Amino acid sequence: MNQRDISSNGLSVSRDAVDDPMVAGADAHAAEPLAAPQRSAPASQRAMGQSHIHESARAQVAGAAHYIDDLPEVKGTLYAAPILSTVAHGTLNGVDASAALALPGVRGVVLAADVPGDKLLAAFAHDEPVFAHDTVQHIGQVIGLVVADSVMQARRAVRAVKLDITPLPAVLNVHDALKAQSYVLPPVFVRRGDAATGLAQSAHRLQGAFEVGGQEHFYLEGQIAYALPLEQKQWWIYSSTQHPGEVQHWVAHALGIDNHAVKVECRRMGGGFGGKETQAGHLAVWAAVAANKFGRAVKLRLDRDEDFMVTGKRHPFAYEYDVGFDDTGRITGLKLQMAANCGFSADLSGPVADRAVFHADNAYYLSDVEIASYRCKTNTQSHTAFRGFGGPQGVIVIEAILGDIARALGRDAQDVRMVNLYGQDASSGRNVTHYQMTVEDNILHALMPQLEREADYRKRQAAIAAWNAKSSVLKRGLAITPVKFGISFTATLFNQAGALVHVYTDGSVQVNHGGTEMGQGLHTKVAQIVADELGVPLHRVLVTASDTSKVPNASATAASSGTDLNGRAAQFAARNVRDNLASFVCGLDGCGAGAIRFEGGQVISPKKVRAFDDVVKEAYANRIQLWSDGFYRTPKIHYDKATLTGRPFYYFSYGAACSEVVIDTLTGESRVARVDILHDVGHSINPAIDIGQIEGGFVQGMGWLTTEQLVWNDKGYLATHAPSTYKIPATGDIPQHFKVELWPEANREDNVGGSKAVGEPPFMLAISVYEALRNAVAAGREGRDAAEPVVLMAPATAENVLRALGKLGA
């Protein structure tokens, strides 16, 4: 059972340890100036900082929380199933649906010719067709739909459709793409200093190459959309999406109508992880085109196999590096090539690859560095956003390099990492990133040593060395790795949000904002923020479904910025209402508005204490506005995408993890025995939710690096397209000692409640597992130089561990 306690170091969660290693820029607010914030209520009365349960938890446990497939369907609803390409690359000569059309319940087929608007999706690069026509670009590309009276009739009919495709040569990996210069977007190069000179003058030098695989999102609720045509060419789209505004734009674009005619609604998702940022839009467009053709509501839900075959994954990366360093392990020169497998279209590959470039330093100062980033076009699914958004693919390469440096020097990797950290201030001369952003809030010089002490790292390292010397089969490894993760969309325009707060005459409060709820607790945190701003109990605040007809032009709920943006916008909206009420009360009591306090469900002036509900009723009777909008744009940020320089991030989130693993050198099997985490979320708005995000992010990252292997065969067919062959972490994979502790310091930037983002940064803490595995492999290599780099392809499946040990051929 989890043990939770409050200590001087913040809230922590732990599980008991076991001994068996195999069991183990602009103004923040664009509106008129607001009154000064009220004085804080006692902690016992505040909603923020408390571990309130998720707003949908009880409904989810009871099965009463509605997802799109649970919604009542309108009379006459039809159901669609996708027609998928069976060839990785080829000329599409024709589609014979005659046999399908003869089956019971089948209403028809939808193809590219049925798209009334643009035949290409309204994606950034405008390089992806709504439905494949003329050519197919990967196995699983959607060519069209069969529409029928029931789901099963549609799916059975799809199997009767015959495709005439002439195969063409296919590019299936980044190495072939690099040779052919096959790119979805031009390469990007970032340089600082003189890497060639730095390398030439280095005391030591290493070269290496390795790869990390992709990752399937494996959300519990698959991709789904329900399109309802309304009167006068208007549309209501239910979409399981992280970006309702983009779905609205894509549907309107495909139908050839204005955005205002399309309303997109999403109450909640059963998981997103980035997979529903752009690619939920495909489902919505396909369903809407079908509904437009037949004049009926159409639902389209992919089954798990189709979801795997159709949708993009985390981008697989291949790396080559040449690094120079001194006797302490400090990097003195680095040339790095990163090649991203983007799939057949650009999707979000540009910003994903950019963020990988931004995070190729992780927490370390690179004085002389040259980074080449290639965005490779292959005939596979178009890869897309995934938790971390390229950050993990950047962080892992520098951590692997530092691990290899430590081995080459015979030094402890923790010491090598510490000597390479960014400085704490400008006087160090080591606090400017390779993209010219100054690191102003570095806490790792204190955080990492604290974790080292609390995890008993040095003593355990000695014990593990003794164990490995005696054990011929089981080998242990231990590693600490940090995270420095930039918070904000790198595309500056997306760093804005809006919200509406309505106070009703009974004193209850309704909030609507542009963010979406995918299980991460965004709505819960926003409700806490609004409750504190108005001084009302949390249960009096209701957050309603994300809806493009309420808050327009909202950014995706992504980049870990959901609470930062939408929470602040909702806070400003609530503050406007509060200020209206404060002005009203100060007029009654003859005092200044700043003297009015809202707390504990009461409105307190120097002369009188009133119930919030009573004040609201009186204010309504005096025609005081009881609702308001709020708008927030992130300050200080700017970014030149032509040079990849500027301040793309408002602040950094930090953390570190110490992971211990054990491998079986005979079978290649591995297990994570113990994990200790110290992570920075600023002043947590909801500690329980934040710790849950840290735990979940870590385990998901652990899956990426250990078990979740995507395998495409030599024809471009994804062989791992179901739970029988694609292995996400299960309960048995969770280490029995799994301790999470929160760093106590508030965000040094003026963020809502002093908090920091929590969604993506913890994912990269799992790189400590990968580095621990490499250390265990190093201990298990027989007859090999201990200083030799460990080449371990990720994920570190049993086969890849054996290859790294030299016991299995390539």
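Please read all numbers here as calculations on a predicted model, not as lab measurements.

Scanning the protein chain from terminus to terminus reveals 19 helices and 31 strands. What you see for the protein chain is a C-alpha radius of gyration of 27 Å, in line with the 28 Å of a compact globule of 810 residues. Structurally, the protein chain occupies a C-alpha span of about 85 × 75 × 50 Å along its principal axes. Of the roughly 29500 Å² of accessible surface on the protein chain, a fraction of 52% belongs to carbon and sulfur atoms. Counting 74 positive and 85 negative side-chain charges, the protein chain places the averaged centre of each group 2 Å from the other.

What follows deals with the sheet that holds strand β12 (residues 235-239). Spatially, β5-β7-β3-β14-β11-β12-β13-β22 is the arrangement adopted by the eight strands of the open sheet, whose pairing is mixed. Every other strand in the sheet has two partners, leaving β5 (106-110) and β22 (546-547) as the edge strands with one partner each.

Where burial is concerned, most of helix α9 (residues 349-358) is hidden: nine out of the 10 residues are buried. Of the positions making up α9, those classed as buried are S349, G350, V352, A353, D354, R355, A356, V357 and F358.

Turning our attention to the packing of helix α17 (residues 687-706) against helix α18 (residues 767-780). Interaxial distance between α17 and α18 falls to 8 Å at its minimum, and their mutual angle equals 40°. Taken together, the axis directions place α17 and α18 in an arrangement best described as oblique. In contact with F698, M702, L705 and T706 of α17, α18 contributes I767, S768, V769, Y770 and L773. For the contact of α17 with α18, the class distribution of residues is seven nonpolar, two polar and no charged.

Further remarks concern α18. Counted at 1.5 Å a residue, the expected span for α18 with its 14 residues is 20 Å, and the 20 Å between its end C-alpha atoms agrees. α18 sits mainly inside the fold: 11 of its 14 residues count as buried. Every buried residue belonging to α18 is among I767, S768, V769, Y770, E771, A772, L773, R774, A776, V777 and G780, and all of these are buried.

Glancing now at the nonpolar core. Of all hydrophobic cores here, the largest spans 151 residues; its most connected members are L334, M338, V530 and F698. In terms of nonpolar packing, the next biggest core, distinct from the first, is built from 38 residues, A123, A225, A254 and V285 among them.

Judged by how many residues are buried, strand β11 (residues 224-229) sits mostly within the fold: five of six residues are covered. With four bridges joining them, β11 and strand β14 (residues 298-301) adopt antiparallel strand pairing. Paired with I224 across the bridge in β14 is R301. Here β11 runs beside β12; their pairing, made up of five bridges, is antiparallel. Paired with Y226 across the strands is Y238, a residue of β12.

Attention now goes to the packing of helix α15 (residues 562-589) against helix α16 (residues 612-621). Between two packed helices, what matters for the description is the angle formed by their axes and the separation of those axes. As a packed pair, α15 and α16 sit with axes 10 Å apart at the nearest point and diverge in direction by 85°. With respect to their mutual orientation, α15 and α16 come out roughly perpendicular. Across the interface between the two elements, L581, F584, V585 and L588 from α15 touch F612, V615, V616, E618 and A619 from α16. Residues of the contact of α15 with α16, tallied by class, amount to eight nonpolar, no polar and one charged.

The next thing to look at is the confidence of the model for the protein chain. Looking at the protein chain, pLDDT values average 94 and 95% of them are 70 or higher. Note on residues 1-10: pLDDT under 50 across the span, and 26 contacts to partners over four residues away in sequence or across chains.

Here we come to the sheet that holds strand β23 (residues 597-599). An order of β23-β24-β25 is seen for the three strands of this open sheet, with the pairing classed as antiparallel. Of all strands in the sheet, those bounded by a partner on one side alone are β23 and β25 (609-611). Across the sheet, the mean angle from the axis of one strand to that of its neighbour is 25°, orientation sign disregarded. Note that strand β24 (residues 602-604) and β25 share three bridges and pair antiparallel. The residue bridging I604 from the neighbouring strand is V609, located in β25. Sitting on the sheet, α16 touches β23, β24 and β25, and the angle it makes with β25 is about 80°.

Glancing now at the side chain of T384. Note on placement: T384 falls in the loop between β17 (369-376) and α10 (391-409). Residue contacts for T384: discarding those within four places in its chain leaves H217, G274, T278, Q279, G312, K313, R314, H315, D347, L348 and V352.

Before going further, it helps to spend a moment on the pattern of salt bridges. Per the stated rule, a full pass over the model turns up 39 salt bridges. One salt bridge connects E73 with K299, and the closest N-O pair in it is separated by 2.6 Å. Of this pair, E73 sits in the loop between α1 (57-62) and β3 (78-84) while K299 sits in strand β14, and the two are 226 residues apart along the sequence. On the basis of relative accessible area, K299 is assigned to the buried category, the value being 3%. As a salt-bridge pair, R568 and D750 come within 3.1 Å of each other at their nearest N and O atoms. Of this pair, R568 sits in helix α15 while D750 sits in the loop between β31 (737-743) and α18, and the two are 182 residues apart along the sequence. A relative accessible area of 7% places R568 in the buried class. In the salt-bridge network here, residues are joined through shared partners; they are E399, D404, R407, R417, E771 and R774.

In this section: the side chain of N686. With respect to the helices, strands and loops of the structure, N686 is situated in the loop between β30 (670-680) and α17. For N686, a relative accessible area of 0% translates into the label buried. When near neighbours in sequence (up to four residues on either side) are disregarded, N686 contacts Q50, S51, H52, T524, K525 and Q528.

Turning to the environment of V247, a few remarks are in order. As for its placement among the helices and strands, V247 is situated in helix α6 (residues 244-255). Its relative accessible area of 2% is what places V247 among the buried residues. The spacing of V247 and K263 is 16 residues in sequence and 9.3 Å in space, taken between C-alpha atoms. What V247 contacts, discounting residues up to four positions off in sequence, is I237, S239, T241, V264, G281 and A284.

Cut-off values and rules
Residues numbered from 1 in each chain as written. Predicted model: local features only at pLDDT ≥ 70, side-chain atom pairs only at ≥ 80, totals over all residues. Heavy atoms only, no water. Helix = DSSP H or I, 4+ residues; strand = E, 2+ residues; numbered from the N terminus. Rg over C-alpha atoms; globule rule 2.2 N^0.38 Å. Areas by Shrake-Rupley, 256 points an atom, 1.4 Å probe, with all protein chains shown as cover. Lys, Arg positive; Asp, Glu negative; His and termini not counted. Charge placed at Lys NZ, Arg CZ, Asp CG, Glu CD. Pairing = 2+ DSSP bridges. Buried < 20%, exposed > 50% of the residue type's maximum accessible area, 1.4 Å probe, protein only. Axes fitted to C-alpha atoms, helices over the stretch in contact; angles between N-to-C directions. Parallel < 35°, antiparallel > 145°, perpendicular 65-115°, else oblique. Contact = heavy atoms within 4.5 Å. Nonpolar A, V, L, I, M, F, W, Y, C, P; charged D, E, K, R; others polar. Expected span 1.5 Å × (residues − 1). Core = buried A, V, L, I, M, F, W, Y, C linked by side-chain atoms within 4.5 Å. pLDDT = per-residue confidence, 0-100. Salt bridge = Lys/Arg side-chain N within 4 Å of Asp/Glu carboxyl O.

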